[in-house]
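Here's the letter readout for the chains.
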Amino acid sequence: MKKFALLAHPTTHSLSPTMWQSAFKELDLPYTYEAIDVDPVKLQETFSILKNKYNGFSVSIPFKEAIIPLLDSISKEVQEIGAVNTIKIEKGRTTGENTDWIGVTKALGKIDDLLSKKVLICGAGGASKSAIYALNTLGIIPYVTNRTKEKAKLLEKQLKVQIVPIYDLPEAHVLINATSIGLEKGDKFPISDDYLSNCSYIFDMVYGDTNLNRRAKKLGVKRIDGREMLVYQGIAQFELLTGHKAPEEAMRKGVA
Ligand code: ATR
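All values derive from a computational prediction rather than experimental measurement.

The subject of this paragraph is the overall build of the chain. Scanning the chain from N- to C-terminus turns up ten helices and twelve strands. For a compact globule of 256 residues, the expected C-alpha radius of gyration is about 18 Å, and the chain comes in at 18 Å, within 12% of that figure. Its C-alpha atoms give the chain principal-axis dimensions of about 50 × 35 × 35 Å. Buried positions account for 53% of the 256 residues belonging to the chain. Residue pairs at least 24 apart in sequence account for 62% of intrachain contacts in the chain once pairs closer than 6 positions are excluded. For the chain, the exposed area adds up to about 12,400 Å²; of that, 49% sits on carbon and sulfur atoms. Treating the 34 positive side-chain charges of the chain as one cloud and the 30 negative ones as another, the clouds have centres 1 Å apart.

Following this line, the structure appears as structure tokens:
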């Protein structure tokens with residue numbers, strides 16, 4: 001019997017539990033996976049208790065960066081990216097890993113001729129860093145815009161980016177939402193229809209019925225479904241944490 005969980009806030013929208021449970025059922029594994037809504041102010045004390053009770057964690061907004069100082073070690077990718085979405089626990093030792101960048105790379109693989117495209121990423125947190133790393137690995141330097149300019153400027157220390165202000169965005173073929181906008185009902189994505197309609201692809205990492213997804217659909221702009229990234233990061237994460245080959249079809253069914 002092994003126990004896994006998602007650490008995030010909020011967790012209500014998350015499809016990770018059904019994706020993992022579907023995989024366990026397919027492989028007939030007596031394992032559990034649940035979503036734990038962690039109060040951001042109590043991350044340190046909550047994690048110090050939970051880490052002794054589980055075999056591994058998925059980590060989502062807003063903890064992808066905040067969790068790093070609480071871990072015993074981090075992988076080479078996490079050192080380069082500065083964000084964690086996976087925590088392995090072996091003999092009581094916690095190791096931070098990142099499979100988000102793999103999810104982003106595979107999800108963007110659906111775009112023809114990606115290497116010639118201009119990409120704009122909104123956000124400068126952990127999800128954004130994984131997307132930037134994925135693009136840098138392909139040789140693309142994305143534009144990045146963020147509500148807090150100082151936080152965006154910090155990205156330049158580790159990753160290759162061009163920071164742009166939200167009031168003067170350069171044209172882009174691909175727009176990626178890597179902020180948490182859309183997690184709460186009523187969230188409105190702060191970029192105009194005019195700008196969105198000039199994009200060729202919109203990729204909202206906050207999957208589901210978000211304001212951005214609704215507007216992209218209405219404007220007739222092609223979308224990369226955030227669930228593609230969810231499944232691909234999940235496959236890599238499942239294999240890292242359980243040691244079993246991930247059942248892709250069952251995981252896709254779990255998020256459908
Ligand atoms: P994580 O590290 O887990 O990805 P995070 O650090 O909380 O999570 O990052 C969330 C991102 O969403 C940040 O870029 C944040 O912008 P700030 O740096 O200005 O905080 C962005 N974000 C969250 N709510 C937002 C809002 N209402 N409008 C604009 N950006 C928002």
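Next comes the rest of the write-up.
Glancing now at helix 2 (residues 43-50). Of all the positions in helix 2, only Leu43, Phe47 and Leu50 are classed as buried. Along helix 2, the residues classed as buried sweep out an arc of 65° about the axis, all on the same side. Counted as exposed and oriented over 90 degrees from the buried face of helix 2: Gln44 and Glu45. Looking at the buried side of helix 2, the elements it contacts are strand 1 (3-8), strand 2 (32-37), strand 3 (56-59), strand 5 (86-90) and strand 6 (93-97).

Membership of the largest hydrophobic core comes to 32 residues, with the highest contact counts inside it found for Val104, Leu108, Ile121, Ile176, Phe203 and Met205. Among the elements of the structure, helix 4 (100-108), strand 7 (119-122), helix 5 (126-138), helix 6 (149-155), strand 10 (174-177) and strand 11 (201-204) are those that each provide at least two residues to this core. The element best represented in this core is helix 5, accounting for six residues. What Leu108 contacts, discounting residues up to four positions off in sequence, is Leu114, Leu135, Val174, Ile176 and Phe203. By size, the runner-up hydrophobic cluster in this structure holds 20 residues, among which are Ala8, Trp20, Leu29 and Met251.

The six strands are arranged 2-1-3-5-6-4 in an open sheet whose pairing can be described as mixed. Lying at the two open borders of the sheet, with one neighbouring strand each, are strand 2 and strand 4 (73-74). Strand direction decides the pairing type here: strand 1 and strand 2, joined by six bridges, are parallel. Paired with Lys3 across the bridge in strand 2 is Thr32. Helix-sheet contacts for helix 9 (residues 226-242) involve strand 1, strand 3, strand 5 and strand 6, and the interaxial angle to strand 5 is about 10°.

Before going further, it helps to spend a moment on the sheet that holds strand 10. Read across the open sheet, the six strands follow the order 9-8-7-10-11-12; overall the sheet is parallel. Of all the strands in the sheet, just strand 9 (162-163) and strand 12 (222-224) have a single pairing partner and so form its edges. Where strand 11 and strand 12 come together, three bridges link them in parallel fashion. Within strand 12, the residue paired with Phe203 across the bridge is Ile224. Running at roughly 160° to strand 7, helix 5 makes contact with strand 7, strand 8 (143-145) and strand 10 of the sheet.

Right, let's get into the pairing of strand 3. The two faces of the sheet receive side chains in turn, since in a regular strand these alternate between them. Neither face of strand 3 is left uncovered, since the one carrying Gly56 and Ser58 and the one carrying Phe57 and Val59 both have all their residues buried. Inspection of the sheet shows strand 1 paired to strand 3 by four bridges, in the parallel sense. Within the sheet, the bridge partner assigned to Leu7 lies in strand 3 and is Val59. Here three bridges tie strand 3 to strand 5, and the two strands are oriented antiparallel to one another. Each bridged residue has a counterpart across the sheet, and for Phe57 the counterpart in strand 5 is Ile87.

About the thresholds
- Residues numbered from 1 in each chain as written.
- Predicted model: local features only at pLDDT ≥ 70, side-chain atom pairs only at ≥ 80, totals over all residues.
- Heavy atoms only, no water.
- Helix = DSSP H or I, 4+ residues; strand = E, 2+ residues; numbered from the N terminus.
- Rg over C-alpha atoms; globule rule 2.2 N^0.38 Å.
- Buried < 20%, exposed > 50% of the residue type's maximum accessible area, 1.4 Å probe, protein only.
- Contact = heavy atoms within 4.5 Å.
- Areas by Shrake-Rupley, 256 points an atom, 1.4 Å probe, with all protein chains shown as cover.
- Lys, Arg positive; Asp, Glu negative; His and termini not counted.
- Charge placed at Lys NZ, Arg CZ, Asp CG, Glu CD.
- Arc of directions from axis to C-beta.
- Core = buried A, V, L, I, M, F, W, Y, C linked by side-chain atoms within 4.5 Å.
- Pairing = 2+ DSSP bridges.
- Axes fitted to C-alpha atoms, helices over the stretch in contact; angles between N-to-C directions.

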